[in-house]
Amino acid sequence: MKRVQFTETVLRDANQSLMATRLPYSDYEAILPTMDKAGYYSVECWGGATFDSCLRYLNEDPWERLRNIRKNMPNTRLQMLLRGQNLLGYKHYHDDVVEKFVELSIKNGIDVIRIFDALNDFRNIKTALEATKKYATERTVASGCISYTQSPVHTVKKYVEMCKELKGMGFDTICLKDMAGTMSPAEADGLIKGIKDAVGEIPLILHTHCTTGMAYMTLYAAIEAGVDVIDTAVSCFSNGTSQAATETLYYALTQLGYETGLDEDIINKVNGFFKPVKQKYIDSGLISPKSMATDSQALVYKVPGGMLSNMIANLKDMNAMDKFDEALVEIPNVRRDLGYPPLVTPLSQMVGNQAVVNVLMGERYKQISNEIKNYFKGEYGIAPAPVSQELQDKIIGEGNKPADCRVEDSKRTGKEFSDARAALGDLCQSEEDMMSYICFPDQTVKFLKARRENAERHVKYSIVEE
Ligand code: CO
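Being a predicted model, the structure only gives us computed values, none of them experimental.

*Asks:* Any chance you could break down the overall build of the chain for me, citing the residues and the numbers?
*Replies:* Regarding its fold elements, the chain presents 21 helices and 10 strands. In terms of C-alpha radius of gyration, the chain reaches 23 Å, essentially the compact-globule figure of 23 Å for 466 residues. Along the longest, intermediate and shortest principal axes, the C-alpha atoms of the chain span 75 × 60 × 45 Å. The proportion of buried residues among the 466 residues of the chain is 56%. Across the chain, every contact between residues at least 6 apart in sequence was considered, and the portion connecting residues at least 24 apart equals 75%.

*Asks:* Can you tell me about the side chain of T232, naming the residues and giving the values?
*Replies:* Along the chain, T232 turns up in strand β9 (residues 229-232). Looking at T232, its side chain comes within polar contact range of the side chain of T246, at 2.9 Å. With near-sequence residues (within four places) excluded, T232 lies in contact with F6, T7, E8, T9, Q243, A244, A245, T246 and L249.

*Asks:* Got a sec to walk through the pattern of salt bridges? Specific residues and values, please.
*Replies:* In the structure shown here, the tally under the stated rule is 28 salt bridges. When the shortest N-O distance is used, the salt bridge between E432 and K107 registers 3.7 Å. Here E432 is found in helix α20 (residues 431-439), whereas its partner K107 is found in helix α5 (residues 95-108), with 325 residues between them in sequence. Taking relative accessible area as the criterion, E432 reaches 8% and is therefore assigned buried. We note a salt bridge from D337 to R364, for which the minimum N-O separation is 2.8 Å. A residue pair is termed long-range when its members are at least 10 positions apart, and D337 in helix α15 (residues 324-337) and R364 in the loop between α16 (347-361) and α17 (370-376) qualify at 27 residues.

*Asks:* Which residues make up the domain arrangement of the chain, and what are the values?
*Replies:* Parsing the chain into structural domains produces domain 1 (2-284), domain 2 (289-408) and domain 3 (415-465). Put simply, the middle of domain 1 and the middle of domain 3, counted by C-alpha atoms, are 31 Å apart. Counting residues at the interface gives 21 residues for domain 1, matched by 17 residues for domain 3. Counting each side, the surface lost to burial between domain 1 and domain 3 is near 1800 Å², with a carbon and sulfur contribution of 63%. Viewed at the interface, domain 3 and domain 1 are joined by 3 salt bridges. For E431, the salt bridge is made with K100, and the minimal N-O distance between the two is 2.8 Å. Across the domain 1-domain 3 interface, the total number found is 6 residue pairs in polar contact (both at pLDDT 80 or more). For the side of domain 1 that touches domain 3, the elements supplying multiple residues, two or more each, are α3 (50-56), α4 (62-72) and α5.

*Asks:* How would you sum up the coordination of the cobalt ion? Please name residues and give values.
*Replies:* Ligation of the cobalt ion by protein atoms is provided by D13 (OD), H207 (NE2) and H209 (NE2), these donors lying 2.1 Å from the ion. When the donors of the cobalt ion are listed by position in the chain, the intervening gaps give D-x193-H-x1-H. In this pair, D13 is assigned in helix α1 (residues 10-19) and H207 in strand β8 (residues 204-208), connecting sequence segments 194 residues apart. On the basis of relative accessibility, which here comes to 1%, the residue H207 falls in the buried class.

*Asks:* Tell me what's going on with α16, and back it up with residues and numbers.
*Replies:* The end-to-end C-alpha separation of α16 is 21 Å, in line with the 21 Å expected for 15 residues at 1.5 Å each. Residues L347, S348, M350, V351, G352, Q354, A355, V356, N358 and V359 constitute the buried set of α16. Here the buried face of α16 lies against α14 (305-317), α15 and α17.

*Asks:* Mind laying out the nonpolar core, listing which residues take part and the relevant values?
*Replies:* By size, the foremost hydrophobic cluster in this structure holds 103 residues, and its most contacted members are M35, F101, F237 and F274. Here this core spans two domains, since at least three of its residues come from each of domain 1 (2-284) and domain 3 (415-465). Among residues more than four places away in sequence, those in contact with F237 are V10, A14, L18, M19, S242, F274, V277, K278 and I287. Counting 29 residues, the second-largest nonpolar core is a separate cluster that includes M307, A320, F324 and L343.

*Asks:* Lay out the packing of aromatic side chains with the relevant residues and their values.
*Replies:* For the structure on display, the rule yields 14 aromatic pairs. When the centroid spacing of 5.3 Å and the interplanar angle of 85° are considered together, the rings of F273 and F274 count as edge-to-face. On the basis of relative accessible area, F273 is assigned to the partly exposed category, the value being 22%. Grouped by ring-pair contacts, the aromatic residues W46, F51, W63, F101 and F440 constitute a single cluster.

Rules and cut-offs
- Residues numbered from 1 in each chain as written.
- Predicted model: local features only at pLDDT ≥ 70, side-chain atom pairs only at ≥ 80, totals over all residues.
- Heavy atoms only, no water.
- Helix = DSSP H or I, 4+ residues; strand = E, 2+ residues; numbered from the N terminus.
- Rg over C-alpha atoms; globule rule 2.2 N^0.38 Å.
- Buried < 20%, exposed > 50% of the residue type's maximum accessible area, 1.4 Å probe, protein only.
- Contact = heavy atoms within 4.5 Å.
- Polar contact = N/O pair within 3.5 Å; in protein donor to acceptor, adjacent residues only side chain to side chain.
- Salt bridge = Lys/Arg side-chain N within 4 Å of Asp/Glu carboxyl O.
- Domains from an automatic or database assignment.
- Buried area = accessible area lost by both parts, 1.4 Å probe.
- Donors = N, O, S within 2.8 Å, 3.2 Å for Na, K, Ca; no water.
- Expected span 1.5 Å × (residues − 1).
- Core = buried A, V, L, I, M, F, W, Y, C linked by side-chain atoms within 4.5 Å.
- Phe/Tyr/Trp six-rings, centres within 6.5 Å; stacked < 30°, edge-to-face > 60°.

See the structure below:
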């Protein structure tokens with residue numbers, strides 16, 4: 001029997017894509033025991049922007065959220081997204097911090113750790129992989145993730161090489177992450193077949209978004225080509241900038257003779273539960289019509305939707321919308337000069353902003369942003385293809401070479417831990433608190449102070465009652 005499994009994303013990526021990750025735990029706690037019986041390959045519920053959002057906007061302890069999900073879904077693989085050496089942000093952390101974060105994630109309930117690097121510089125995912133293996137339980141899965149992008153150097157052959165490298169590193173599964181939703185069915189077919197031929201025995205996962213309207217066709221092509229797991233979102237939290245719909249694909253694939261492992265009744269109950277939740281956030285304005293729409297511009301301009309809207313906003317700010325077409329033409333040129341980095345945050349903004357500056361100044365690279373300078377110094381990792389020699393000479397000086405080591409090469413100073421404990425004092429009640437502070441210091445202090453005040457209030461009331 002043909003088989004394909006589903007990862008449900010409503011708690012993480014759908015939540016992040018459609019409503020800026022503002023879904024509080026209390027909104028979905030009641031459905032978790034039901035979701036636990038759906039038969040998903042995994043439920044993506046943590047990591048990405050959920051951690052920051054818990055502390056910054058929702059006054060929630062992200063670790064407590066994870067423990068609660070674990071308690072309510074004992075039978076389902078819980079999955080998180082981790083940005084390699086950057087953990088959940090954009091800064092490079094020391095190896096001991098990365099290792100501790102992974103240890104605590106597994107300890108608090110994570111089973112599947114999907115690890116990626118924006119530039120596909122796999123040196124930046126090695127420490128997280130090793131930590132995953134070190135603290136693994138019998139349920140733990142280390143998933144090596146490739147940021148998918150299109151460029152003259154991103155051929156099937158190149159992706160096959162990346163997959164071989166991930167497999168050689170010891171990952172249990174491989175995920176292709178098409179964050180812009182621009183992978184076409186034809187590309188999926190060629191890619192999945194190529195990868196399956198080369199590294200067939202390792203499970204292959206496809207993550208894409210509906211942003212451009214390609215997702216259903218692309219997923220279908222990928223499944224026919226042999227992909228093992230797809231990422232989908234419960235239908236009321238699907239489409240637009242989110243994933244394709246779980247139930248829709250369940251029905252389509254079941255008719256085609258695929259075994260999905262999903263329970264039809266349960267996945268429909270899950271949708272029934274989330275419908276009013278979604279309506280609440282449409283009514284409040286948190287879910288905008290824009291995030292629910294299909295936008296094919298990314299296919300026309302070959303840049304992700306978010307990058308385009310960012311660029312338009314910048315040009316409007318500077319009263320320079322008449323330069324829009326010129327800036328669009330300049331984007332692929334800047335990208336080529338940078339060795340074709342995947343257009344994901346922060347690279348997408350860096351490339352977009354530099355293209356705008358190049359056009360507005362009337363001279364290319366008359367002004368160069370600090371981020372681009374740091375990129376050429378090697379601080380973001382290795383570029384997928386050779387960068388412009390001329391530009392490199394201009395930035396780091398002729399004859400000089402960019403750093404060829406990882407930014408934070410295996411420093412284990414323990415300094416972040418002691419700094420965090422010193423800064424938090426008795427606000428710090430656990431290693432998890434300490435780790436929250438290392439990742440998001442200001443938000444964590446605010447959260448921990450509120451938590452203490454709350455606890456003190458409870459103590460006062462209980463004394464009065466006595
Ligand atoms: Co995504």
